[in-house]
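Here are the chains, one letter per residue:
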Amino acid sequence: MDSDGRYEQRVVWAVVDTLIGPLLLAATREGLVTVVFHATDEVRDEALQRLASRLGSEPVEEPGSPLLAEAIRQFEAYFAGERHSFELPLDWSLISGFNREVLRELATTVPFGTVVGYGDLAGRVGQPGAAQAVGMAMGANPLPVVVPCHRVVESGGGIGGFGGGLETKRRLLALEGVLPEPLF
């Protein structure tokens, strides 16, 4: 507790090696709070600095933390092809409003091995003309892979954009059987 009798925000993190490269996972007492692609030292340090600023607490590297153990186990199982969904508590504090609404809809209605169009997802949250806003929400997703923004594609069959890079999106969709595995 702090001097005012409130519980201090505790943020722990670890880097997990995956078939799409290193991922930074960070969690609070509420649950997994962020996943960051391409977690090289520089990317990791920038992400941790942003996280400290947003949450008001310095993240601590603690790969053995009980707050991260289940998330790490589920990520390893997902990338091994042994898990098709994540069953983790999530801390939604880094996202709000329309973006949170869209991401929650995505997380609960677009299962492994399927895709949805930006416009279709907009319609599901009652905003049928908001395909571009859905794209912005995907770009703001603090919990990629778990909240599967890689499953959102263009209505005309294009892959669309992706904050983790198009090659990462292709690899995730291939892992889920939506696209063929890359030849090299």
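About the thresholds
Residues numbered from 1 in each chain as written. Predicted model: local features only at pLDDT ≥ 70, side-chain atom pairs only at ≥ 80, totals over all residues. Heavy atoms only, no water. Buried < 20%, exposed > 50% of the residue type's maximum accessible area, 1.4 Å probe, protein only. Helix = DSSP H or I, 4+ residues; strand = E, 2+ residues; numbered from the N terminus. Pairing = 2+ DSSP bridges. UniProt positions renumbered as here; feature names shortened; annotations may be inferred. Contact = heavy atoms within 4.5 Å. Expected span 1.5 Å × (residues − 1). Arc of directions from axis to C-beta.

A.B. asks: Looking at this structure, I do not really get the pairing of strand 2 (residues 23-27). What am I missing?
C.D. replies: Here is the key point about a regular strand: its side chains alternate between the two faces of the sheet. Summarising burial for strand 2: 5 of the 5 residues are buried, a large majority. Going residue by residue along strand 2, you find Leu23, Leu25 and Ala27 tucked away on one face and Leu24 and Ala26 tucked away on the opposite face as well. Two elements, strand 1 (residues 12-16) and strand 2, share 5 bridges in a ladder whose sense is antiparallel. Across the sheet, residue Trp13 finds its bridge partner in strand 2, namely Ala26. A loop of 6 residues connects strand 1 with strand 2, the two strands running antiparallel in sequence, and Gly21 in this loop sits at a positive phi of about 105 degrees. Direction of pairing for strand 2 relative to strand 3 (residues 32-36): antiparallel, over a ladder of 4 bridges. If you follow Leu25 over to strand 3, its bridge partner there is Val35. Hairpin connection from strand 2 to strand 3: 4 residues lie between these consecutive antiparallel strands, with Gly31 at a positive phi of about 150 degrees.

A.B. asks: Looking at this structure, I do not really get the UniProt feature "domain: Methylguanine DNA methyltransferase ribonuclease-like" (unreviewed entry) in the protein. What am I missing?
C.D. replies: Annotation from UniProt places "domain: Methylguanine DNA methyltransferase ribonuclease-like" (unreviewed entry) at residues 11-91. Within residues 11-91, the helical portion is 36% and the strand portion 21%, while the C-alpha atoms at the span's ends are 11 Å from each other.

A.B. asks: Looking at this structure, how should I read the environment of Met138?
C.D. replies: You can see Met138 is positioned in helix 5 (residues 131-139). Overall, Met138 belongs to the buried group, its relative accessible area being 9%. Considered as a pair, Met138 and Trp92 are 46 residues apart in the sequence and their alpha carbons are 14 Å apart. Residue contacts for Met138: discarding those within four places in its chain leaves Val102, Leu103, Leu106, Tyr118, Leu121, Cys149 and Val152.

A.B. asks: Can you help me understand helix 3 (residues 97-109) in this one?
C.D. replies: For an α-helix, 3.6 residues make a turn, and residues three or four places apart therefore share a direction. Taking 1.5 Å as the rise per residue, helix 3 with 13 residues should run 18 Å; its terminal C-alpha atoms sit 18 Å apart, in good agreement. By the burial criterion, the buried members of helix 3 are Val102, Leu103 and Leu106. The arc that holds the buried residues of helix 3, viewed along the axis, is 95 degrees, so those residues lie on one side. Across helix 3 from its buried face, at more than 90 degrees, point the exposed residues Gly97 and Thr108.

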